[in-house]
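An overview of the molecular structure
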Amino acid sequence: QVQLVESGGGLVQAGGSLRLSCAASGRTFSSYGMGWFRQAPGKEREFVARINRSGGSTAYADSVEGRFTISRDNAKNTVYLQMNSLKPEDTAVYYCAAARLVTTRQNEYDYWGQGTQVTVSS
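Below you will find a few notes about this structure. (Residues numbered from 1 in each chain as written. Predicted model: local features only at pLDDT ≥ 70, side-chain atom pairs only at ≥ 80, totals over all residues. Heavy atoms only, no water.)

A few points about the pattern of salt bridges
Summed over the entire model, instances satisfying the criterion amount to 4 salt bridges. Glu46 is the salt-bridge partner of Arg38, the closest N and O atoms lying 2.7 Å from each other. Measuring nitrogen to oxygen at the nearest pair gives 3.9 Å for the salt bridge that ties Arg105 to Glu108. Exposure remark for Arg105: the relative accessible area of 53% places this residue in the exposed category. (Salt bridge = Lys/Arg side-chain N within 4 Å of Asp/Glu carboxyl O. Buried < 20%, exposed > 50% of the residue type's maximum accessible area, 1.4 Å probe, protein only.)

Notes on the packing of aromatic side chains
All told, the structure shown has 5 aromatic pairs when counted by the stated rule. Judged by centre distance (5.1 Å) and plane angle (80°), the rings of Phe37 and Tyr109 are edge-to-face. Taken as a pair, Phe37 in strand β4 (residues 33-39) and Tyr109 in the loop between β9 (92-99) and β10 (111-112) lie far apart in primary sequence, 72 residues in all. Centre to centre, the rings of Phe37 and Trp112 are 5.0 Å apart; their planes meet at 50°, and the pair counts as tilted. Of this pair, Phe37 sits in strand β4 while Trp112 is found in strand β10, placing the two residues 75 residues apart along the sequence. Pairwise contacts between aromatic rings join Phe37, Phe47, Tyr109 and Trp112 into one cluster. Above the plane of the ring of Tyr95 lies Arg45, whose end atom (NZ or CZ) is 5.3 Å from the centre. When the ring centre of Trp112 is taken as origin, the NZ or CZ atom of Arg45, which lies over that ring, is 3.7 Å away. (Phe/Tyr/Trp six-rings, centres within 6.5 Å; stacked < 30°, edge-to-face > 60°. Helix = DSSP H or I, 4+ residues; strand = E, 2+ residues; numbered from the N terminus. Lys NZ or Arg CZ within 6 Å of the ring centre and 35° of its normal.)

So yeah, pure geometry; function would need other evidence.
Quick look at the structure:
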C-alpha cells in the first residue's frame with residue numbers, strides 16, 4: 001500500500017512558476033514509476049508527465065514539454081513537478097500517482113493522491 005500526498009499548488013500569474021511535491025508513504029517508493037496527471041473543470045483527467053523508478057527516464061505531454069520537469073528523490077520518497085512559464089490553460093487539479101509499470105496510461109496506475117489545485121491567472 002502506498003499513500004500519496006500532494007502539496008505546492010496555488011494561484012500564480014501567467015508566466016510564473018510553481019513546484020508541486022508528492023510525498024509517498026512506505027518503504028517501496030523506489031519500486032514504483034510515478035506520474036502526474038491533471039483535470040481541468042469540465043474536462044477529463046489527462047496525463048502530464050511520468051518518471052521511471054530510478055529517475056533516469058521521463059516523458060511529457062506535448063502541451064507541457066519544455067516547460068514542466070518531473071523529478072524524484074527516492075531517499076525522500078518524493079516526486080516533484082517543476083512548472084515554468086505557466087499558462088491559464090494549465091489551471092487544473094494536479095494528481096500524482098504510482099504504478100508498478102512505467103506508463104502514461106491512467107488505468108495502469110495503482111495509487112493516487114487527493115490532488116492539489118493550480119490556478120493560473122491571465
